[in-house]
Amino acid sequence: MEKWMKQFYDLPTTCISDALNGMNNLDPSIKPLQDSYKVAGRAFTVKIPAGDNTMVLKAIKEASPGDVLVVDAKGESYRAVAGDFVVSLAQKLGIAGFIVDGVIRDLIGVRSLNFPVFSKGTTVAASFKNGAGEINVPISCGGVSITPGDIIIGDADGVVVIPQADAEKVLEKALAKLKKDEQREASALQDEASARKYLEDLFG
């Protein structure tokens, strides 16, 4: 699995999405805080009521190094799931990244950590800590059902989810798609003539 994870990390999410027939893409509003961020790892899921981040902290404590915290925050946009302190805790404990169906805060501080955080945006308001929620349970995040252990891949284009049982098959299809794309570019993008030929072959 670790070898697969490195290969998934090196693949663009677009190829993985194509291999999944576009079925497991998170809502495109969930984006990296910086375009350079990439993440690949097993999902450690977090289910919280809007505005309460207690279980995010518990998840950081319980997750294994290399896991990706995937937080179902119900799309809450007023109160943050995490700020730079909470994100720093995750980074120190070897968490691979955060995927949040909600928002974070302390944008400048979080960006300074160079740690992959994907969210719907930022806010100024902190969450409560009333203690509600669950960890390591099936969730819905960004419109996609996610089970603990599913593979999460994120880059500048967005986030895709690979059911863990399908990992090998999806990897093979994604690698084949990347090779096909590279061959198409090498053939069709040499010059104006090759570009025109590609379009003529396509449309007649």
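So, here is what we can say about the structure in this document. These figures come from a predicted structure and were not determined experimentally.

A word on the pairing of strand S2 (residues 39–47). The buried fraction of S2 is high, at seven of nine residues. Bridging between S2 and strand S9 (residues 151–155) involves four bridges; their strand directions are antiparallel. Residue pairing across strands places Arg-42 opposite Ile-151, the latter belonging to S9. Examined bridge by bridge, S2 and strand S3 (residues 68–72) share five bridges and lie parallel to one another. Note that in S3 the partner of Ala-43 across the bridge is Val-68. Taken together, the two bridges between S2 and strand S6 (residues 134–135) define a ladder with antiparallel strand orientation.

Turning to the pattern of salt bridges, a few remarks are in order. Following the criterion strictly, the structure yields 10 salt bridges and no others. A salt bridge links Arg-196 to Glu-192, with the nearest nitrogen and oxygen atoms 3.0 Å apart. Here Arg-196 pairs with Glu-192, and both are found in helix H7 (residues 192–203), just four residues apart, close to one helical turn. Residue Arg-196 shares its accessibility class with Glu-192, and that shared class is exposed. Residue Asp-201 is joined to Lys-197 by a salt bridge in which the shortest nitrogen-to-oxygen separation is 2.8 Å. Here Asp-201 and its partner Lys-197 are both found in helix H7, four residues apart, which amounts to about one turn of the helix. Of the residues examined, Asp-201 reaches a relative accessible area of 56% and is grouped as exposed.

Definitions and cut-offs
- Residues numbered from 1 in each chain as written.
- Predicted model: local features only at pLDDT ≥ 70, side-chain atom pairs only at ≥ 80, totals over all residues.
- Heavy atoms only, no water.
- Buried < 20%, exposed > 50% of the residue type's maximum accessible area, 1.4 Å probe, protein only.
- Helix = DSSP H or I, 4+ residues; strand = E, 2+ residues; numbered from the N terminus.
- Pairing = 2+ DSSP bridges.
- Salt bridge = Lys/Arg side-chain N within 4 Å of Asp/Glu carboxyl O.

By themselves, these figures tell us nothing about what the structure is for.
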